[in-house]
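Geometric and topological summary
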Amino acid sequence: MPPGYAPMLTLHLPLKGVYFDQIKSGQKVEEYRLATPFWAKRLEGRTYERIELARGYPPKGDTERRITRPWRGFRRTTITHPHFGPDPVEVYAIRVN
């Protein structure tokens, strides 16, 4: 790497189609990930320059199924959501608007 080179840090989030479409339309402003050690390691104490949301796992050049937004952080909260079952769960609510 050249001197002074700093890679742009991007958080990549693959999404189900329905959630991708809701984010793209502006209807959904947060994406949720369970508060597990896996996500704690990727989010807590870290900062990113941008977030890349993908509808599933599209090929690299498929821009229709990718959205890139500036990183706006996250909050830890408790929600009840059908995707996670009937009981309240602790999640990272990642800002995607």
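Read on for an overview of the structure. Since we're looking at a predicted model, the values are computed, not measured. Counting of residues starts from 1 at the beginning of each chain's written sequence and follows it residue by residue. Per-residue local features of the predicted model are confined to residues with pLDDT of at least 70, and side-chain atom pairs are confined, for both listing and counting, to 80 or more; whole-chain, interface and lining totals are unaffected and use all residues. Hydrogens and waters are ignored; side-chain quantities use all the structure's heavy atoms.

**Let's talk about the nonpolar core**
Spelled out, the test is: Nonpolar cores were defined as sets of buried Ala, Val, Leu, Ile, Met, Phe, Trp, Tyr and Cys residues, with membership established by side-chain atoms within 4.5 Å. Three exposure classes are used, based on accessible area relative to the maximum for each residue type with a 1.4 Å probe and protein chains only: buried under 20%, partly exposed in between, and exposed over 50%. Put simply, DSSP marks the helices as runs of H or I at least four residues long and the strands as runs of E at least two long, and each gets a number from the N terminus on. Should any heavy atoms of two residues lie within 4.5 Å, those residues are considered in contact.
With 15 residues, the main nonpolar core has Leu11, Leu13, Leu43, Ile51, Leu53, Trp71 and Ile94 as its most contacted residues. At the level of elements, strand E1 (10-15), helix H1 (17-25), helix H2 (37-43), strand E3 (50-55) and strand E6 (89-95) are the ones that each hand at least two residues to this core. For this core, the leading source of residues is E1, giving three residues. Leaving out residues up to four positions away in the same chain, leucine 53 has contacts with Leu13, Leu15, Phe20, Ile23, Arg65, Arg66, Ile67 and Val96.

**Some details on the pattern of salt bridges**
The following threshold applies: Put simply, a salt bridge is a Lys or Arg side-chain nitrogen that is within 4 Å of an Asp or Glu carboxyl oxygen.
As enumerated under the stated definition, the model contains eight salt bridges in all. Taking the shortest distance from any N to any O, the salt bridge between glutamate 52 and arginine 66 comes out at 2.9 Å. Residue glutamate 52 is located in strand E3, and its partner arginine 66 is located in strand E4 (residues 66-70); the two are separated by 14 residues in the primary sequence. Classification of arginine 66 as partly exposed rests on a relative accessible area of 23%.

**Some points on the packing of aromatic side chains**
Given two aromatic rings, their pairing is described by the distance between the two centres and the angle made by the two planes. Counted only if it meets this: By convention, a stacked pair of Phe, Tyr or Trp rings (six-membered ring in the case of Trp) has centres within 6.5 Å and planes under 30 degrees apart, an edge-to-face pair has planes over 60 apart, and any other such pair is tilted.
Applying the stated criterion to the full structure yields four aromatic pairs. Consider the rings of tyrosine 48 and tryptophan 71, whose centres lie 5.1 Å apart with planes at 65°: the pair is edge-to-face. Remark: tryptophan 71 occurs in the loop between E4 and strand E5 (74-79) and tyrosine 48 occurs in the loop between H2 and E3; sequence separation between them is 23 residues. The class for tyrosine 48 is buried, based on a relative accessible area of 8%. Residues phenylalanine 74 and tyrosine 92 carry aromatic rings whose centres are separated by 5.5 Å and whose planes lie at 80° to one another, so their mutual orientation is edge-to-face. Of this pair, phenylalanine 74 sits in strand E5 while tyrosine 92 is found in strand E6, placing the two residues 18 residues apart along the sequence.

**Focus on the sheet that holds E5**
Filter applied, for reference: At least two bridges found by DSSP between two strands is the condition for calling them paired. Here an angle of 0 to 180 degrees is reported between the N-to-C directions of two axes, which are lines fitted to C-alpha atoms, with helices fitted over the stretch in contact.
Pairing within the open sheet is antiparallel, and its three strands lie in the order E2-E6-E5. Two strands close off the open sheet at either side, each with one partner strand: strand E2 (30-34) and E5. Going across the sheet, the axis of each strand differs from the next one's by a mean of 35°, ignoring polarity. In this structure, E5 lies alongside E6, joined through six bridges in antiparallel fashion.

**Observations concerning the sheet that holds E4**
Overall, mixed pairing links the three strands, which are arranged E1-E3-E4 in an open sheet. Of all the strands in the sheet, just E1 and E4 have a single pairing partner and so form its edges. The mean angle between the axes of side-by-side strands here comes to 20°, regardless of whether they run parallel or antiparallel. Pairing between E1 and E3: six bridges, direction parallel.

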